[in-house]
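Summary of the model geometry
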Amino acid sequence: MSLRRFIAKRVLLVFPILFGVSVITFALVHWTPGDPVQQMVGLNPDITAAEETAIRERYGLNDPLHEQYLNWLANLAVGDFGQMYSSGRDVGSIVWMRLPETILLGIFGWVFALVIAIPSGIYAAVNKDQLGDSVSRIFALSGISIPNFWLGLMLILVFALYLDWWSVTPPSRQPLLSTDMLYYLILPGITIGTASAAALMRVMRTSMAEELNKEYVTAARAKGLPERTIVLKHVLRNSLISVVTLAALLTASIISGSVVVEYVFNWPGLGREFIEALQGHEIDMIMAVTLVTGTAIIIANLVADILYAVLDPRIRYD
C-alpha cells in the first residue's frame, strides 16, 4: 500500500472513531450524577419554576436521550457546538478562542520533553552503567513517578511564592506569540513535559544501547569510523523509530495532562474550560473539548505513522 493510500485510509477512519467517542462521552455525561439546571437554580435562587422549565425546553433537556444526541449531532454537522447553559455563550467561539493557548502549552511541553530526552538518552546509552547513566535513570524514574499537579504546585511554591522569581498567571489580553508569553509558559510547560521527557529518555537510552551492540556498529568501528559519526549518523536514526512511536502516544498524555496543569497555573486554555464545564455539567462544552482533543490525538498518531516512512523506508503500510 502506498503512503498516499495509507493516509487516505487513516483519514477516513477518523470519522467512525470520533463518532464512537462522541456516543460514549455523551452517554457517560448523562449518566453522571448532576443536573445543569438544578445547579443554576442552586447558584441563583431567584430562578422561578417557570424559568427552570423554559431553560429545559430551550436546550431540549426534557427530550429522550437519543433525541438529544441526534440534535447535538445535527447541529455539529453544520458547525454549531451548542451553548453554555449558565451564560448562553456560544461553545464554538469559546473553543476556538481557548484552543491556541492549549496548543501553545502542549507544543512547549512536547518540545521540552524531546530536547531533554534525546540528548540525555544518547548520553546515557553511550556511557552505559557509568555515573551519568545512573543519574539519568534516577531522573527518569522520578519524572515518571511525580504527578503533574504535585510538580506544578511545587514549582509555584518554590519559584513564585518562596523565591518570588516568577509570576504564574498570565495577564489578560497578552499576545499569544510574544516574549512575555514565553515567560509565563516556562513553569507549566516544564510541568507538563517532565513525565514525557522521562519516559522518552528511557526509551531512547534502551533503543540506542541495543543498536550500539549490533553487528553493523561493530563493522563500522572496525573500519575506523569515529564513534561520534557512528552514533549520530548511523545509530541515532534507527533508534529514533521507537522514540517517535512513544512520542506520538505521549501526545495523548500531554493533552490530558494539560487539563490539570492549566487549572493549577490558571492557564486560559481548553483544559480549564473543561474542568469548569464538568463542575457545571455543561454538556455541550464537555462534548466539544472531547472531540477537539480526540481529533488532536488521532492526528498525532497519523503523523507518527508518516514519520516511520521517513526514518525507515523499509516499512510498508498494510
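Thresholds, definitions, all that
Residues numbered from 1 in each chain as written. Predicted model: local features only at pLDDT ≥ 70, side-chain atom pairs only at ≥ 80, totals over all residues. Heavy atoms only, no water. UniProt positions renumbered as here; feature names shortened; annotations may be inferred. Helix = DSSP H or I, 4+ residues; strand = E, 2+ residues; numbered from the N terminus. Contact = heavy atoms within 4.5 Å. Areas by Shrake-Rupley, 256 points an atom, 1.4 Å probe, with all protein chains shown as cover. Lys, Arg positive; Asp, Glu negative; His and termini not counted. Charge placed at Lys NZ, Arg CZ, Asp CG, Glu CD. Axes fitted to C-alpha atoms, helices over the stretch in contact; angles between N-to-C directions. Left-handed = near helix turned anticlockwise from the far one by under 90°. Nonpolar A, V, L, I, M, F, W, Y, C, P; charged D, E, K, R; others polar. Polar contact = N/O pair within 3.5 Å; in protein donor to acceptor, adjacent residues only side chain to side chain. Phe/Tyr/Trp six-rings, centres within 6.5 Å; stacked < 30°, edge-to-face > 60°. Buried < 20%, exposed > 50% of the residue type's maximum accessible area, 1.4 Å probe, protein only. Core = buried A, V, L, I, M, F, W, Y, C linked by side-chain atoms within 4.5 Å.

For the protein chain, an unreviewed UniProt entry supplies the name ABC transporter permease and the organism Natranaeroarchaeum aerophilus. Regarding the protein chain, the relevant UniProt record gives this comment under Sequence similarities (unreviewed entry): "Belongs to the binding-protein-dependent transport system permease family."

Once that is clear, we can look at the overall build of the protein chain. A tally of helices and strands in the protein chain yields 12 helices and zero strands. Across its three principal directions, the C-alpha atoms of the protein chain cover 85 × 55 × 35 Å. Contacts in the protein chain between residues at least 24 apart in sequence constitute 73% of all its contacts with a sequence separation of at least 6. Per element, the accessible surface of the protein chain, about 17,400 Å² overall, is 65% carbon and sulfur. Distance between charge centroids for the protein chain: 17 Å, based on 22 positive and 26 negative side chains.

UniProt feature "transmembrane region" (unreviewed entry): in the numbering of this structure it lies at residues 12-31, 103-126, 138-162, 182-204, 240-265 and 285-311. Along residues 138-162 one finds 92% helix and 0% strand; the C-alpha atoms at either end are 26 Å apart. In the segment residues 182-204, helix accounts for 100% and strand for 0%; the C-alpha atoms at its two ends are 28 Å apart.

Interaxial distance between helix 2 (residues 36-43) and helix 3 (residues 49-58) falls to 10 Å at its minimum, and their mutual angle equals 145 degrees. As for the relative orientation of helix 2 and helix 3, their crossing is right-handed in sense. Taking contact as the criterion, the partners of Val37, Gln38, Met40 and Val41 in helix 2 are, on helix 3, Glu52, Ile55 and Arg56. Partitioned by chemical class, the residues of the contact of helix 2 with helix 3 number four nonpolar, one polar and two charged.

Attention now goes to the environment of Ala140. With respect to the element layout, Ala140 can be found in helix 6 (residues 131-145). Sequence separation of Ala140 and Ala198 is 58 residues, and the distance between their C-alpha atoms is 4.1 Å. Sequence-distant contacts of Ala140, that is, excluding residues within four places in its chain, are made with Ala198, Met201 and Arg202.

Turning our attention to the side chain of Ser207. Within the fold, Ser207 resides in helix 8 (residues 179-212). At 3.1 Å, the side chain of Ser207 and the backbone oxygen of Ser239 are in polar contact. Setting aside its immediate chain neighbours within four residues, Ser207 contacts Asn238, Ser239 and Ser242.

Take the packing of aromatic side chains next. Tallied over the full model, the rule gives eight aromatic pairs. Residues Phe26 and Trp72 carry aromatic rings whose centres are separated by 6.5 Å and whose planes lie at 35 degrees to one another, so their mutual orientation is tilted. Note that Phe26 is positioned in helix 1 (residues 3-31) and Trp72 in helix 4 (residues 65-77), a separation of 46 residues in sequence. According to the relative accessible area criterion, Phe26 is buried, its value standing at 4%. Measuring from ring centre to ring centre gives 6.0 Å for Phe81 and Trp96, while their planes differ by 85 degrees; the resulting arrangement is edge-to-face. Remark: Trp96 occurs in helix 5 (residues 91-126) and Phe81 occurs in the loop between helix 4 and helix 5; sequence separation between them is 15 residues. An aromatic cluster is defined as three or more aromatic residues linked by ring pairs; in this entry it consists of Phe19, Phe26, Tyr69 and Trp72.

This part takes up the nonpolar core. Val91, Val95 and Met285 are the most contacted members of the largest nonpolar core, which totals 33 residues. Broken down by secondary-structure element, the contributors of at least two residues to this core are helix 1, helix 2, helix 4, helix 5, helix 11 (270-280) and helix 12 (283-311). A per-element tally of this core places helix 12 first, with nine residues. Look past the residues within four positions of Val91 in its chain and what remains in contact with it is Phe81, Gly82, Gln83, Met84, Asp284, Met285 and Ala288. With 25 residues, the next largest nonpolar core counts Ile122, Ala140, Met208 and Val235 among its residues.

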